[in-house]
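A look at the structure
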Amino acid sequence: MPSRKFLLALAFAALAAVGAQAAGTALSVKDEMKTVVDPASTTLFAVGGEVDPANGPDAAKVPPARWEEAGAAAARLEAIAAGLQQPGRAKDAGPWMTYAKQMAVTAGAAGKAAQARNGAGLSQAANDLSDTCSGCHAKYRPKT
Ligand code: HEC
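Residues numbered from 1 in each chain as written. Predicted model: local features only at pLDDT ≥ 70, side-chain atom pairs only at ≥ 80, totals over all residues.

When helices and strands are tallied, the chain shows 5 helices and 0 strands. Overall, the chain shows an N-to-C arrangement of helices and strands of α-α-α-α-α. Residue pairs in contact within the chain that sit at least 24 positions apart in sequence constitute 63% of those at least 6 positions apart. (Helix = DSSP H or I, 4+ residues; strand = E, 2+ residues; numbered from the N terminus. Contact = placed C-beta atoms within 7 Å.)

Encoded structure:
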């Protein structure tokens, strides 16, 4: 059995992590991209494909839970995009801010489309969001 003190320490550590994350400073950009942005956008891009009317009549049968997952992922990405614009996090006041703002706008559009069950809107917003990822990465992501 872990001691009570240990459990308390764990609880405080978890709280501190949540607080720091709310302030947008807990994770490096790299870790945030890997642990939050990547999974959220994978969900959003997948649902964007499923609800795309261009993919045929199946789009209309996407279950409510899927739309909700897309909405939640969009909200997460919008929050991250706001964090990327914070002083200390933004790499410059120029193109970085433009990309981060575009990320917020396109994620916001995806969230609204998901709420409205608008398949064409969601797939378009997912495409636009993806362009934003690529744009920022082309300029700021270290080449490997
Ligand atoms: C405002 C700029 C910006 C935007 C917008 C952006 N990224 Fe990133 N991303 C970065 C930077 C900078 C790195 C490299 C971080 C490093 O290696 O230090 C990165 C790295 C990553 C990585 C690699 C993490 C790793 O394990 O090395 C993934 C995955 C990623 N981004 C996904 C995304 C996706 C998906 C989107 C769009 C939804 C997105 N990013 C939008 C700046 C951005």
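Next comes the rest of the account.
We now examine the site of the ligand. Near the ligand, the surroundings consist of 21 residues, among which Lys30, Met33, Lys34, Cys133 and Cys136 are the closest. Counting only elements with at least two residues in the shell around the ligand, the list comes to α2 (29–50), α3 (64–84), α4 (95–115) and α5 (119–140). Take the shell around the ligand: its biggest share by element is 7 residues, from α2. Here the shell around the ligand is built from residues that sort into 14 nonpolar, 3 polar and 4 charged. (Near = placed C-beta within 6 Å. Nonpolar A, V, L, I, M, F, W, Y, C, P; charged D, E, K, R; others polar.)

Our next topic: the environment of Glu50. Looking at where Glu50 falls in the secondary structure, it is placed in helix α2. Separated by 72 residues in sequence, Glu50 and Leu122 place their C-alpha atoms 9.9 Å apart. Residues in contact with Glu50, not counting those within four places in the same chain, are Ala59, Val62 and Arg66.

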